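Report on the structure
Listed below, chain by chain, are the residues.
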Amino acid sequence: PTQVTLPSTQGVAAPYFANYVKDQLVHTLGPRRTFGGGLRVTTTLDVDLQRAAREAISSVLPTSSGPTAALVALDAQSGAVLAMVGGENYHQNQFNLATQGERQPGSAFKPFVLATALRENISPASTLTSSKQVTINAGGRLWTVNNYEGEALGPIDLTTAIAVSDNSVFSQLTALVGPQKVAQTARDLGITTPLQGYFAIGLGAEPATPLEMARAYASFADGGKRI
């Protein structure tokens, strides 16, 4: 465990995380108690994992004026946040991409579609056809979906479809189970950002934060129990 002195984040190993903790304290205890002094806060942060998180990002995304990455690592059984990278430089930008950055998660949302199918008693052995392009009746409107690099694998089961992240199959599966039910599954697993349940939800077109996505995936790792 790491001791974090509040409210200052100067010299803290993980300033985005420290500020996240501070916000939770303010929400729970109020500003007067939080900033009045006398609190000693023990957090769940693992300094070694935090360093590894930073190094993992810098190894593929060197410091530059380009994209900025965020990372959250959780303990799947307890929900403890072990590492959090919310941006490149806290002193230049305090916006925490890990907790505030609502972005389209893309294919990382497909497991929520498969989980919905399981709830609807659809077997992972069920077969749908993988095509270069498929047209879906999305509530009276036609929605055309293309597979990545024009791949077409023909009839494949859902286990194979999730392994290869097949867009055509998962757009069909979303239409089959219903996008609103996919949205409800995502909420049940831990996505708290409001979801509209559009047909493209299964391909990750609706936003979520990295922290929410980590929490939802941890629910899978915890045997389906939301932490």
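Keep in mind that this is a model prediction, so the values were computed, not measured.

For the protein chain, the helix and strand inventory stands at eight helices and eight strands. Principal axes of the C-alpha set define a box for the protein chain whose edges measure 60 × 35 × 30 Å. Relative to its 227 residues, the protein chain shows a buried fraction of 41%. Look at the contacts in the protein chain between residues 6 or more apart in sequence, and 64% of them connect residues 24 or more apart. Carbon together with sulfur atoms contributes 51% to the accessible area of the protein chain, which is approximately 12200 Å² in total.

Time to look at the nonpolar core. In terms of nonpolar packing, the biggest core is built from 24 residues, with Phe112, Leu173 and Ile191 touching the most fellow members. Within the residue set of this core, elements represented by two or more residues are α4 (110–119), α5 (158–164), α6 (167–177), α7 (179–189) and α8 (210–221). With residues near it in sequence (within four places) discarded, Phe112 still touches Val182, Thr185, Ala186, Leu189, Ile191, Met213, Ala216, Tyr217 and Phe220. Core analysis: the second largest hydrophobic core is formed by 15 residues, Leu25, Val41, Ala76 and Val81 among them.

Looking now at α7. Taken residue by residue, α7 has Pro179, Val182, Ala183, Thr185, Ala186 and Leu189 as its buried positions. With its buried residues spanning 160° around the axis, α7 presents them on a single face. Where α7 is buried, its residues touch α4, α6 and α8. Downstream of α7 by one or two residues, Gly190 has phi in the positive range, about 130°.

Further remarks concern the packing of α4 against α7. Where α4 meets α7, the closest approach of the two axes is 9 Å, and the angle between their N-to-C directions is 105°. With respect to α7, the axis of α4 lies roughly perpendicular. Mapping the contact onto sequence places Phe112, Val113, Ala115, Thr116 and Arg119 in α4 and Lys181, Val182, Gln184, Thr185, Ala186, Asp188 and Leu189 in α7. Taken together, the residues of the contact of α4 with α7 sort by class into six nonpolar, three polar and three charged.

Owing to its 3.6 residues per turn, the α-helix brings residues three or four apart onto one side. The terminal C-alpha atoms of α8, which comprises 12 residues, lie 16 Å apart, in line with the 16 Å expected from a rise of 1.5 Å per residue. Residues of α8 that are buried: Leu211, Glu212, Met213, Ala214, Ala216, Ala218 and Ser219. Just beyond α8, the residue with positive phi is Gly223, at close to 75°.

This part takes up the pairing of strand β6 (residues 133–138). Of the two faces of β6, the one lined by Val134, Ile136 and Ala138 is fully buried and the one lined by Gln133, Thr135 and Asn137 carries no buried residue. Where β6 folds back on strand β7 (residues 141–146), the antiparallel hairpin that results is connected by two residues, among which Gly139 adopts a positive phi of roughly 65°.

As for its placement among the helices and strands, Thr99 is situated in the loop between β4 (81–85) and α4. The residues touching Thr99, leaving out its near neighbours within four places in the chain, are Tyr20, Met84, Thr209 and Leu211.

We now examine the confidence of the model for the protein chain. This prediction gives the protein chain a mean pLDDT of 92; 95% of its residues lie at or above 70. For the protein chain, per-element mean pLDDT is lowest for strand β1 (residues 2–4), which scores 49, and highest for α4, which scores 98. pLDDT under 50 marks residues 3–7. Its contacts with residues more than four places away, or in other chains, come to 12 contacts.

Relative to the assigned elements, Gln50 resides in helix α3 (residues 47–60). In contact with Gln50, not counting residues within four places along its chain, are Ala13, Ala14, Leu45, Leu82, Ala83, Met84 and Val85.

A word on the pairing of strand β3 (residues 71–74). Of the two faces of β3, only one is covered, namely that formed by Val72 and Leu74; the face formed by Leu71 and Ala73 stays uncovered. Once β3 ends, the chain turns through six residues before running back antiparallel as β4, passing Gly79 with a positive phi of about 85°.

Let's shift gears to the packing of α4 against α8. Running from N to C, α4 and α8 point in directions that differ by 40°, and their axes come no closer than 11 Å. As far as their axial angle goes, α8 and α4 are oblique. Considering only the axes of α4 and α8, their crossing is left-handed. Facing Pro111, Phe112 and Ala115 of α4, the residues of α8 in contact are Met213, Ala216, Tyr217 and Phe220. In the contact of α4 with α8, the residues fall into seven nonpolar, no polar and no charged.

Calculation notes
- Residues numbered from 1 in each chain as written.
- Predicted model: local features only at pLDDT ≥ 70, side-chain atom pairs only at ≥ 80, totals over all residues.
- Heavy atoms only, no water.
- Helix = DSSP H or I, 4+ residues; strand = E, 2+ residues; numbered from the N terminus.
- Buried < 20%, exposed > 50% of the residue type's maximum accessible area, 1.4 Å probe, protein only.
- Contact = heavy atoms within 4.5 Å.
- Areas by Shrake-Rupley, 256 points an atom, 1.4 Å probe, with all protein chains shown as cover.
- Core = buried A, V, L, I, M, F, W, Y, C linked by side-chain atoms within 4.5 Å.
- Arc of directions from axis to C-beta.
- Axes fitted to C-alpha atoms, helices over the stretch in contact; angles between N-to-C directions.
- Parallel < 35°, antiparallel > 145°, perpendicular 65-115°, else oblique.
- Nonpolar A, V, L, I, M, F, W, Y, C, P; charged D, E, K, R; others polar.
- Expected span 1.5 Å × (residues − 1).
- Pairing = 2+ DSSP bridges.
- pLDDT = per-residue confidence, 0-100.
- Left-handed = near helix turned anticlockwise from the far one by under 90°.

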